[in-house]
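Here's the letter readout for the chains.
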Amino acid sequence: MKILVTGGLGFIGSHTSVELINKGYDVTIIDNLVNSNISVLKNIEKITGIRPEFHKIDLRNKNELKKKFRSNIFNGVIHFAALKSVSESVKNPELYLTNNVEATKNLLDFIASKNRKTNLIFSSSCTVYGQAKKLPINESSPVVKQESPYGESKKICEEIIRNEIVINKNINGISLRYFNPIGAHESSLIGEHPKGIPENLVPYITQFAIGKRKELIIFGNDYPTIDGTCIRDYIHIKDLANAHVSALEFLSKMKKENFYDFFNVGTGRGTTVLELIKIFEDTNNIKLKYKIGNRRAGDIIAAYADIKKINTTIGWYAKNTISNALKTAWNWEKQQSKLNDN
Ligand code: NAD
Ligand code: UFG
């Protein structure tokens, strides 16, 4: 089975490529390296023993894919490539529309031009639900007006993929709505590599713990939750990566044409910011001297997934603990710091 992985040198794409290769898939990666490093390719090879084919391609360039893969056939495509900073998207909405939406249109155009059965998996986000009225959030929860152009780009991409599949019987597809991926590969060879100051909690914590950041601020402790801090569903990156493999396996057995659906990918459990910090401290034997700050604009109070749909339909469920994810995240940060020292 030949699988094209867009954005395959990024955080989730690299871990998914490893899981795919380990299961015997023939992986080809494309990435424009805007938020990743070519060294990830070598590290995927160190982990799996196989160097996937790689092409530096920017998906915004409409004809590059067609030119590069004129005679290639892919049984599956996993589309990770996107920009993902909420704050950057507010400052530069146009960039997010071209990079995330145009890129997805170009990819669909490429897949359609092949006139061959292709299974497509798209990286969506629980951000499409906004602050859901009912928790845990199931897939019937409405997709709401998005606060950020980033969220809007995910919503639009889901729609254009669905619309293409309605008219194209060669494509079957799934959007996976991820909750909060955290952690790194147990080898510490691949992990999350945010450029600049991390926006997300776990890379911020590990950079603070290693001394790269001066202070760790908790964005608000006056929310209506058990300890006043926000609740999220943190999922181990390895589990998330495997959800893609399971989704591909599911689509490869699919008898229907024009099949499209979307699934939550989380653990089903909510964890507050303070609880997560405590798990990090206990797991890694480190004390974090955090401060309480103001609420962050746009933060939702609580989000955790109802995972019945993916569990009963695809047979996937999360196996790893938050503690294990925080151990691997910390090991990865220490490894990065060693490399920078040398
Ligand atoms: P990442 O930035 O680590 O990986 C994305 C990769 O795509 C990068 O390697 C980047 O260089 C590449 N890329 C971006 N634009 C490109 C383009 N135009 N052409 C080719 N390559 C391009 O991000 P990630 O955390 O691995 O996220 C992967 C996907 O999952 C994204 O679509 C993101 O929006 C989505 N997602 C992420 C999270 C999260 O918390 N990390 C949550 C929900 C959804
Ligand atoms: N937080 C802090 N201090 C920090 C960083 C984060 O207190 O320094 C808090 C946030 O306020 C929030 C929680 O930690 O309550 C988690 O924040 P993240 O930024 O890690 O995660 P979010 O759920 O807010 O957002 C992330 C991505 C979005 C994506 C969403 C769902 O940034 O793009 O997960 O996948 F849509």
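Residues numbered from 1 in each chain as written. Chains lettered and ligands numbered in written order. Predicted model: local features only at pLDDT ≥ 70, side-chain atom pairs only at ≥ 80, totals over all residues. Heavy atoms only, no water.

### So, the site of ligand 2
- Taken together, 21 residues are adjacent to ligand 2, and Leu-201, Ile-217, Arg-232, Arg-296 and Asp-299 come closest.
- One nitrogen or oxygen atom from the main chain of Leu-201 is found 2.8 Å from an oxygen atom belonging to ligand 2.
- Coverage of ligand 2 by the protein chains reaches 90% of its 690 Å² of free accessible surface.
- The dominant element in the shell around ligand 2, judged by the number of residues it contributes, is strand S8 (residues 216-219), at 3 residues. (Near = heavy atom within 4 Å. Polar contact = N/O pair within 3.5 Å; in protein donor to acceptor, adjacent residues only side chain to side chain. Areas by Shrake-Rupley, 256 points an atom, 1.4 Å probe, with all protein chains shown as cover. Helix = DSSP H or I, 4+ residues; strand = E, 2+ residues; numbered from the N terminus.)

### Focus: the site of ligand 1
- Ligand 1 sits among 26 residues. The nearest are Ile-12, Asp-31, Asn-35, Ser-36 and Tyr-150.
- In the environment of ligand 1, an oxygen atom lies 3.1 Å from a nitrogen or oxygen atom belonging to the backbone of Val-34.
- Measuring from an oxygen atom of ligand 1, one finds a backbone N or O atom of Phe-80 at 2.8 Å.
- Protein chains bury 95% of the 820 Å² of accessible surface belonging to ligand 1 in isolation.
- Within the residue set of the shell around ligand 1, elements represented by two or more residues are helix H1 (11-22), strand S5 (118-125) and helix H6 (149-167).
- In terms of residue count, the dominant contributor to the shell around ligand 1 is S5 (3 residues).
- Residue composition of the shell around ligand 1, by class: 13 nonpolar, 9 polar and 4 charged. (Nonpolar A, V, L, I, M, F, W, Y, C, P; charged D, E, K, R; others polar.)

### Focus: the nonpolar core
- In terms of nonpolar packing, the biggest core is built from 48 residues, with Leu-20, Ile-174, Leu-176 and Val-265 touching the most fellow members.
- Of all elements in the fold, only strand S1 (2-6), H1, strand S2 (26-31), helix H2 (39-48), strand S6 (171-178), helix H8 (237-252) and strand S11 (260-265) reach the threshold of two or more residues within this core.
- In terms of residue count, the dominant contributor to this core is H8 (8 residues).
- By size, the runner-up hydrophobic cluster in this structure holds 23 residues, among which are Leu-65, Leu-108, Phe-122 and Ile-165. (Core = buried A, V, L, I, M, F, W, Y, C linked by side-chain atoms within 4.5 Å. Buried < 20%, exposed > 50% of the residue type's maximum accessible area, 1.4 Å probe, protein only.)

### Description of the packing of aromatic side chains
- Applying the stated criterion across every chain, the model contains 7 aromatic pairs.
- A centroid spacing of 6.5 Å and a plane angle of 80° characterise the contact between Tyr-96 and Tyr-150, whose relative ring orientation is edge-to-face. One end of the pair, Tyr-96, is in helix H5 (residues 93-113); the other, Tyr-150, is in helix H6, with 54 residues separating them in the sequence. Here Tyr-96 and Tyr-150 have matching classes, each one buried.
- Centre to centre, the rings of Tyr-260 and Phe-262 are 6.4 Å apart; their planes meet at 55°, and the pair counts as tilted. We note that Tyr-260, like Phe-262, is buried.
- Here a set of aromatic residues connected by ring pairs shows up, and it is made of Phe-69, Phe-74 and Phe-110.
- Lying over the aromatic face of Phe-262, Lys-309 brings its terminal NZ or CZ to 4.6 Å of the ring centre. (Phe/Tyr/Trp six-rings, centres within 6.5 Å; stacked < 30°, edge-to-face > 60°. Lys NZ or Arg CZ within 6 Å of the ring centre and 35° of its normal.)

### Some points on the sheet that holds S2
- Spatially, the 7 strands line up as an open sheet ordered S3-S2-S1-S4-S5-S6-S11, and their pairing is parallel. Both outer strands of the open sheet, strand S3 (53-56) and S11, are each paired with one neighbouring strand and no more. On average, each strand axis in the sheet is inclined to that of its neighbour by 20°, with strand direction left out of account.
- Here strand S4 (residues 76-79) runs beside S5; their pairing, made up of 4 bridges, is parallel. Looking at the pairing, His-79 lines up with Phe-122 of S5. (Pairing = 2+ DSSP bridges. Axes fitted to C-alpha atoms, helices over the stretch in contact; angles between N-to-C directions.)

### As for the side chain of Thr-6
- Locating Thr-6 in the fold gives a position in strand S1.
- Among the polar contacts listed, one links the side chain of Thr-6 to the side chain of His-79, at a separation of 2.7 Å.
- From its side chain, Thr-6 meets the backbone nitrogen of Phe-80 in a polar contact 3.0 Å long.
- Setting aside residues up to four positions removed in sequence, Thr-6 forms contacts with Ile-30, Leu-59, Ile-78, His-79, Phe-80, Ala-81 and Leu-107. (Contact = heavy atoms within 4.5 Å.)

### Examining the side chain of Ser-125
- The residue Ser-125 is located in strand S5 in this model.
- Overall, the relative accessible area of 11% leaves Ser-125 in the buried class.
- Separated by 3.0 Å, the side chain of Ser-125 and the backbone nitrogen of Thr-127 make a polar contact.
- Once residues lying within four places of it in the same chain are set aside, the contact partners of Ser-125 are Tyr-150, Lys-154, Leu-176, Arg-177 and Tyr-178.

### Section: the environment of Ile-292
- With respect to the helices, strands and loops of the structure, Ile-292 is situated in strand S13 (residues 290-293).
- Spatially, the C-alpha atom of Ile-292 lies 5.5 Å from that of Ile-217, the residues being 75 residues apart in sequence.

### Brief notes about the pattern of salt bridges
- Considering all chains together, one arrives at 18 salt bridges under this definition.
- Ionic pairing is found between Asp-58 and Arg-60, a salt bridge with its closest N-O pair at 2.7 Å.
- Glu-215 is the partner of Lys-291 in a salt bridge, and the nearest nitrogen-oxygen pair spans 2.7 Å. Taken together, the residues span a long stretch of sequence, with Lys-291 in strand S13 and Glu-215 in the loop between helix H7 (201-210) and S8 at a distance of 76 residues.
- Take Lys-291: its relative accessible area is 45%, and that puts it in the partly exposed class.
- Residue Glu-215 is classed as partly exposed on the basis of its relative accessible area, which comes to 34%.
- Linked through salt bridges whose partners overlap, the residues forming this network are Lys-62, Lys-66 and Asp-109. (Salt bridge = Lys/Arg side-chain N within 4 Å of Asp/Glu carboxyl O.)

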